[in-house]
Amino acid sequence: MVYKFRVILDDEDDVFRDIAILEDNTLEDLHNAIVNAFGFDGMEVASFYTCDETWNQEDEISLFDTGDVPGEQKIMSDYQLSDILDKKNTKIIYVYDFINMWTFLVELAAIEDITAGNVYPETIFTHGIMPAEAMEKNFEADMHDDIYGEFEDDLDEDDLDMFSGDDSFEEYGTEENW
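Figured I'd write up the structure that's included with this text.

Under the defined criterion, the tally for this structure stands at three salt bridges. Among the ionic pairs, glutamate 112 bridges to lysine 4, the shortest N-O distance being 2.7 Å. Of this pair, glutamate 112 sits in strand E6 (residues 102-112) while lysine 4 sits in strand E1 (residues 2-9), and the two are 108 residues apart along the sequence. When its relative accessible area of 32% is taken as the criterion, glutamate 112 is described as partly exposed. Residue lysine 91 pairs with glutamate 53 through a salt bridge whose shortest N-O separation is 3.9 Å. Of the two residues, lysine 91 sits in strand E5 (residues 91-96) while glutamate 53 sits in the loop between strand E3 (46-51) and strand E4 (57-62), which places them 38 residues apart along the sequence. Lysine 91 gets classed as buried once you look at its relative accessible area, which sits at 14%. For glutamate 53, a relative accessible area of 47% gives the class partly exposed.

A few words now on the packing of aromatic side chains. Enumeration over the complete set of coordinates arrives at eight aromatic pairs. Where phenylalanine 40 meets phenylalanine 104, the ring centres are 6.1 Å apart and the plane angle is 80°; that geometry is what we call edge-to-face. Of this pair, phenylalanine 40 sits in the loop between helix H1 (27-38) and E3 while phenylalanine 104 sits in strand E6; the two residues are 64 residues apart in sequence, bridging distant segments of the chain. When sorted by exposure, phenylalanine 40 lands in the same class as phenylalanine 104, which is buried. Each residue in the set Phe38, Phe40, Phe48, Tyr94, Tyr96, Trp102 and Phe104 is aromatic and connected to the rest through ring pairs, giving one cluster. When the ring centre of tyrosine 79 is taken as origin, the NZ or CZ atom of lysine 74, which lies over that ring, is 4.6 Å away.

How each quantity is defined
- Residues numbered from 1 in each chain as written.
- Predicted model: local features only at pLDDT ≥ 70, side-chain atom pairs only at ≥ 80, totals over all residues.
- Heavy atoms only, no water.
- Salt bridge = Lys/Arg side-chain N within 4 Å of Asp/Glu carboxyl O.
- Helix = DSSP H or I, 4+ residues; strand = E, 2+ residues; numbered from the N terminus.
- Buried < 20%, exposed > 50% of the residue type's maximum accessible area, 1.4 Å probe, protein only.
- Phe/Tyr/Trp six-rings, centres within 6.5 Å; stacked < 30°, edge-to-face > 60°.
- Lys NZ or Arg CZ within 6 Å of the ring centre and 35° of its normal.

Laid out in structure tokens, this is it:
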């Protein structure tokens, strides 16, 4: 079977690509198809994120094993598309380049029979022009306020500097090596 995806760039303008890919291809194959369809050079790190029906991010599936124990973490090449996407689970989030945070909403739009003579994966439709830069993300909560908000009145500069005043490294059982 062929999975047909609409891959939508998270941007103010309508920019998307429709990609057809075999159901037994891996998430890494889908990653490569997205990179090619949007004109990236493929040199950046990327991840897929499972999500619910309202696009709430869940589990990360990265391109490379970033775990503490090599081989313990499953990566894109370990998952066939049919392992995590089907008629009921149709949505996944894709993030390319963690510096610029190019973010895409990827939705399984159709599952169809293979068309003889077609080469998969295939970009079957393009709409919109890629912007020069990724849209700036507006995170809902300011982490500083969430973590330190209730204690903010009690903090001063000395509380934030571990080695303020006459403190030296020797008091802490270490030697200064620079």
